[in-house]
Amino acid sequence: MQFHIFRKQSIQNYLGKDIKFSKTMNALDLMSLGVGAVIGTGIFILPGTVAATTAGPGVSLSFMVAAIVCALAGMCYAEFASAIPVAGSAYSYGNIVYGEFTGWIIGWALILEYMLSVATVAAGWSSYFSSFISPFGLKIPKAVSGPMNLSHGVYFDLISVLIILVISILLSRGMKNSIKINVVAVFIKMAIILIFIFVGMQFIKPSNYHPFLPYHASGVIKGATTVFFAFLGFDVVSSSAAEVKNPKKNMPLGIIGTLAIAAVLYFGVSIVLTGMVKYTKLNVANPVAFALQYVHQDWVAELLSFGAMLGMATMMLTMIYSSSRLIYAMARDGLLPASFSKLDKKHNSPQNALVAVTIIIALSAAFFSVDQLANLVNFGTLFAFTLVSFGILKLRKRTDIVNDGFKVPGYPYLPIISGLICIFMICHLSSEVYLMAAIWLILGTVIYFVYGYRHSQLEHE
């Protein structure tokens, strides 16, 4: 039996199937999705801890370096989204330019990224919610207050399951309504961050910036490798290409706009935070709230906890949405059961895929402590970034794909530099992550050859 694992999908085939989606999103909607995914609790934690341990006040420069690195990958995503405006993000791009097996492996890695990140954030949301209601004399029963720990009498995390269900129900009612709510939530979250910046500016002491680079330039670079992960999530914007009005124009605006907004907010929080409090004091669990309490602005600290919850909720909405579109795209191609690719008639959205994603994420968040697995999210993302970056070289050689929209400047150098930087980042992950990633990829390979290859749409053409 001869295997053709690198057979390629045609863009016309994808466009023909994805035409059933309702095209309701514009550039602002895409930016709200992207900012919703990128700006989470990290903005309230990373600037302080990285300043204290790695970069000093120069952490603001670390964020700028990381933003530039992400912008390289972001431009590669933007060119793909402009040239191939279909559902499935990097999975679909991989299928078209590399071939089916490579596309499947990218998709399998992204499933890990999207679903695991939601389960992790849901657990964090549950903790914040418990803290938020405690001043009102309310308390979550111990038996349902966290991941399974029978020795402590804890069975599952009820709150994380409930927030996942609420968000999934919202998404099941169609993207038009979900996007409206997400836009409002993102604007409130950004307003809270801007309030911190504005209030904090009143308490900046220039002496706190000296020395600005206590760990030298190497500390700034090391800090950039850490805060790089604060920008991850912008790639989910490309998952929505099939539901976007004028994707050639709006997709690049959504991706690059997301990174620009995130960079400005991270830079602003970093520079204000390290000006308010000496960097040596910021190695605490919640440095932004600590800084506000340090200058006796407790009311803003309370507001920040609400902003953190809102930030996590928008991130979960974006990732659950992206997961369902990824499952839809893989089922559309026959690599997963066809029932996941069916769109409901009322909202033109893949309800079966959404239900499957919700169940898997809810069970993960309810019973498992996913702290140890969080770095796997980074592997899945960087793996996809690498192949998307180098994929631009193959995309430009395709005469059958016409792109009169956005193109990466500085071709071929910038895509190559982007791919090499992503490989550099992967090399800085722990050996434990390599082992777990290898197990996940081997499992994905087995599923492809046992089910996906034989049921692939390309097998029956």
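Quick note: structure is the one above.
Here's a quick rundown of the structure. Keep in mind it's a predicted model, so treat the numbers as computed, not measured.

**A short note on the nonpolar core**
- In terms of nonpolar packing, the biggest core is built from 159 residues, with Ile-84, Phe-196 and Phe-231 touching the most fellow members.
- Residues in contact with Phe-196, not counting those within four places in the same chain, are Val-269, Val-272, Leu-273, Met-276, Val-288, Leu-292, Val-300 and Leu-304.

**Topic: the packing of aromatic side chains**
- By the definition in use, this model includes 21 aromatic pairs.
- Considering the side-chain rings of Phe-156 and Phe-367, the 6.1 Å spacing of their centres and the 45 degrees angle between planes classify their relative orientation as tilted. A residue pair is termed long-range when its members are at least 10 positions apart, and Phe-156 in the loop between α6 (100-133) and α7 (158-172) and Phe-367 in helix α13 (residues 351-367) qualify at 211 residues.
- The partly exposed category is assigned to Phe-156, whose relative accessible area is 28%.
- Taking 5.1 Å as the distance between ring centres and 65 degrees as the angle between the ring planes, the aromatic pair formed by Phe-231 and Tyr-266 counts as edge-to-face.

**Side note on the environment of Met-75**
- The topology assignment puts Met-75 in helix α4 (residues 59-83).
- Considering only alpha carbons, one finds Met-75 and Ala-262, 187 residues apart in sequence, at a separation of 15 Å.
- Look past the residues within four positions of Met-75 in its chain and what remains in contact with it is Ile-256, Phe-406, Val-408, Pro-409 and Leu-414.

**Brief notes about the pattern of salt bridges**
- Using the criterion set out here, one finds six salt bridges in the structure.
- Its salt-bridge partner being Arg-7, residue Glu-100 comes within 3.0 Å of it at the nearest N-O pair. Taken as a pair, Glu-100 in helix α6 and Arg-7 in the segment before α1 (11-18) lie far apart in primary sequence, 93 residues in all. Arg-7 matches Glu-100 in its accessibility class, with the two residues each being buried.

**Some remarks on helix α11 (residues 287-294)**
- Those residues of α11 lying buried are Pro-287, Val-288, Ala-289, Ala-291 and Leu-292.
- Packed against the buried residues of α11 are α3 (42-55), α8 (175-201), α10 (247-276) and α12 (298-332).
- Downstream of α11 by a residue or two, His-296 has a phi angle that is positive, lying close to 60 degrees.

**With respect to the packing of α4 against helix α15 (residues 413-427)**
- The contact between α4 and α15 brings their axes to 9 Å, and the two run at 125 degrees. Viewed along their axes, α4 and α15 adopt a mutual orientation that is oblique. Crossing geometry of α4 relative to α15 is assigned as left-handed. Along its contact with α4, which presents Val-69, Leu-72, Ala-73, Met-75 and Cys-76, the element α15 presents Leu-414, Pro-415, Ile-417, Ser-418, Ile-421 and Met-425.
- The residue inventory of the contact of α4 with α15, partitioned by class, reads ten nonpolar, one polar and no charged.

Conventions adopted
Residues numbered from 1 in each chain as written. Predicted model: local features only at pLDDT ≥ 70, side-chain atom pairs only at ≥ 80, totals over all residues. Heavy atoms only, no water. Core = buried A, V, L, I, M, F, W, Y, C linked by side-chain atoms within 4.5 Å. Buried < 20%, exposed > 50% of the residue type's maximum accessible area, 1.4 Å probe, protein only. Contact = heavy atoms within 4.5 Å. Phe/Tyr/Trp six-rings, centres within 6.5 Å; stacked < 30°, edge-to-face > 60°. Helix = DSSP H or I, 4+ residues; strand = E, 2+ residues; numbered from the N terminus. Salt bridge = Lys/Arg side-chain N within 4 Å of Asp/Glu carboxyl O. Axes fitted to C-alpha atoms, helices over the stretch in contact; angles between N-to-C directions. Parallel < 35°, antiparallel > 145°, perpendicular 65-115°, else oblique. Left-handed = near helix turned anticlockwise from the far one by under 90°. Nonpolar A, V, L, I, M, F, W, Y, C, P; charged D, E, K, R; others polar.

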